[in-house]
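Here is what each chain is made of, one letter per residue.
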Amino acid sequence: MTSWKDPEIAGVRALLAARQPDPGAPPSFAEHRQAMDAMGEMGALPTGCFHEPLTLGGVRCERVVPQGALDTRAILYLHGGAYTAGSPRSHRPLVARLAEAARANAVAADYRLGPEHRFPAAVEDAVAVYRALLAGGTEPGQIVVAGDSAGGGLTLALALAMKAEGLAQPAGYFVISPWADLTQSGASYAAKADSDPMISKDGLDSNALAYLGGLDAHDPLASPVFGDFTGVAPVLIQTGSEEALLSDSITMADVLAHARVEVRLEVWPEMIHVFHAWGGGLQAARRAIRIAGTWMGERFG
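Below: a short report on this structure. (Residues numbered from 1 in each chain as written. Predicted model: local features only at pLDDT ≥ 70, side-chain atom pairs only at ≥ 80, totals over all residues. Heavy atoms only, no water.)

### A short note on the packing of helix H4 (residues 121-135) against helix H5 (residues 150-165)
The relative placement of two packed helices comes down to the angle between their axes together with the axis-to-axis distance. Where H4 contacts H5, the axes come no closer than 9 Å and their chain directions differ by 65 degrees. By the criterion of interaxial angle, the relationship of H4 to H5 is roughly perpendicular. Here H4 runs over H5; the crossing is right-handed. Here Ala122, Val123, Ala126, Val127, Tyr130 and Arg131 of H4 lie close against H5, whose contacting residues are Leu154, Ala157, Leu158, Ala161, Met162 and Glu165. Broken down by class, the residue content of the contact of H4 with H5 amounts to ten nonpolar, no polar and two charged. (Axes fitted to C-alpha atoms, helices over the stretch in contact; angles between N-to-C directions. Helix = DSSP H or I, 4+ residues; strand = E, 2+ residues; numbered from the N terminus. Parallel < 35°, antiparallel > 145°, perpendicular 65-115°, else oblique. Left-handed = near helix turned anticlockwise from the far one by under 90°. Contact = heavy atoms within 4.5 Å. Nonpolar A, V, L, I, M, F, W, Y, C, P; charged D, E, K, R; others polar.)

Here's what the structure looks like:
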């Protein structure tokens, strides 16, 4: 058994192990969604933070406003959940901590999920919300688009979609452990198979099929690693060293660098998939969020 230098990540791993579903009876999409939402609603929000529902561009969203947020700053957040689960409810504590760190208002988009709504429905919803923010008077230079896992991949797909449509780029993009290659071809799927307590290639293969419905996984709006990012805004990538999706982050940083995009890749040792979500008991998560908040603040100017 691996001995972790960070005792807190060992505790998180133990908690995850205790919550693993029966491998012989994997949860349905509905059950997975309910479980993710329940986990999110158990998490504490920063003192004085409030949230409210709203609709932008015809897409249901949630606004999250921490104490000290500057009215001019906006984070558009795209949640994870393998394109088949997740919601503003499931990610509310994480969104709130990021918004607090960046002193910004956040809008979490409740984009359509597969298999009921297949690719490119999620991309269309993300574009619609971004357009609505601009139409509402938010300056593009005062928006950071952020997301985790599938939402990180969707964030990068949004960058490509906005470029193709001639929309003004935001101040930057912040992605956590992005699922950016739906072909699951990275070396880390095998290399980290025994150390990732959350993600497996088989699981992502299944979710990719549910989202794509047989469409080509090489489409850059599905797998941004195949896209041309020339001219997009700066990108910060944070990921853990122990996750199956590590290769997606590394490849994505390489693609961005070759496109001459300002990109910063942080690989956090011993950390797991979207470790930021464990900010209540994981100091590394709180440090990563503070660093991301500072980076976003610099982009806002």
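Picking up after the structure, the text goes on.
### Comments concerning the pairing of strand S1 (residues 50-56)
Sheet topology places S1 next to strand S2 (residues 59-65); seven bridges connect them, and they run antiparallel. Bridge pairing links Leu56 to Val59 in S2. (Pairing = 2+ DSSP bridges.)

### Things to note about the side chain of Ser247
Relative to the helices and strands, Ser247 resides in helix H8 (residues 246-258). Overall, the relative accessible area of 12% leaves Ser247 in the buried class. When neighbours within four sequence positions are excluded, Ser247 is seen to be in contact with Gly186, Ala187 and Ser188. (Buried < 20%, exposed > 50% of the residue type's maximum accessible area, 1.4 Å probe, protein only.)

### What to know about H4
Residue pairs spaced three or four apart in an α-helix point in one direction, given the helix's 3.6 residues per turn. Here H4 spans 21 Å end to end across 15 residues, near enough to the 21 Å set by a 1.5 Å rise per residue. The complete set of buried residues in H4 reads Ala121, Ala122, Val123, Asp125, Ala126, Val127, Val129, Tyr130, Ala132 and Leu133. Two residues or fewer past H4, Gly137 is found with a positive phi of approximately 105 degrees. (Expected span 1.5 Å × (residues − 1).)

### Section: a nonpolar patch on the surface
Together, Ile250, Leu265 and Val267 make up an exposed nonpolar region whose accessible area comes to about 210 Å². If you trace the backbone, Ile250 turns up in helix H8. (Patch = residues over 30% accessible without salt bridge, like charges linked within 9 Å, V, L, I, M, F, W, Y side chains within 5 Å. Areas by Shrake-Rupley, 256 points an atom, 1.4 Å probe, with all protein chains shown as cover. Salt bridge = Lys/Arg side-chain N within 4 Å of Asp/Glu carboxyl O.)

### Here we look at the pattern of salt bridges
Overall, the coordinates contain 15 salt bridges when judged by the stated rule. A salt bridge links Glu242 to Lys192, with the shortest nitrogen-to-oxygen separation between them at 3.7 Å. Taken as a pair, Glu242 in the loop between strand S7 (235-240) and H8 and Lys192 in the loop between helix H6 (188-191) and helix H7 (201-212) lie far apart in primary sequence, 50 residues in all. Just as Glu242 is buried, Lys192 falls in that class too. Among the ionic pairs, Asp205 bridges to Lys201, the shortest N-O distance being 2.9 Å. Here Lys201 and Asp205 lie together in helix H7, a separation of four residues that amounts to about one turn. Its relative accessible area of 29% is what places Asp205 among the partly exposed residues. Judged by its relative accessible area of 35%, Lys201 is partly exposed.

### Quick word on helix H3 (residues 88-102)
Given a rise of 1.5 Å per residue, 15 residues ought to cover 21 Å, yet the end C-alpha atoms of H3 are separated by just 18 Å, more than 12% below that figure. Within the sequence span of H3, burial applies to Pro88, Ser90, His91, Arg92, Pro93, Leu94, Val95, Ala96, Arg97, Leu98, Ala99 and Ala102. Two or three places before Arg89, at the opening of H3, Ser87 has a side-chain oxygen 3.1 Å from that residue's backbone nitrogen. Where H3 ends, the next residue or the one after it, Arg103, has phi of about 55 degrees, a positive value. (Polar contact = N/O pair within 3.5 Å; in protein donor to acceptor, adjacent residues only side chain to side chain.)

### Overview of the environment of Arg89
Structurally, Arg89 can be placed in helix H3. With residues near it in sequence (within four places) discarded, Arg89 still touches Asp37, Gly40 and Glu41. Only 3.5 Å separates the side chain of Arg89 from the side chain of Asp37, close enough to count as a polar contact.

### Let's talk about the sheet that holds S2
As summarised here, the arrangement of the eight strands in space is S1-S2-S4-S3-S5-S6-S7-S8, forming an open sheet in which the pairing is mixed. Two strands close off the open sheet at either side, each with one partner strand: S1 and strand S8 (263-268). Taken over all neighbouring pairs, the strand axes of this sheet differ in orientation by 20 degrees on average, direction set aside. When S7 meets S8, the two strands line up parallel, connected through six bridges. Residue Leu236 lies in a different strand from S8, and its bridge partner there is Arg264. Helix-sheet contacts for H3 involve S1, S2, strand S3 (70-78), strand S4 (104-109), strand S5 (143-148) and strand S6 (172-176), and the interaxial angle to S3 is about 140 degrees. Running at roughly 160 degrees to S7, H8 makes contact with S7 and S8 of the sheet.

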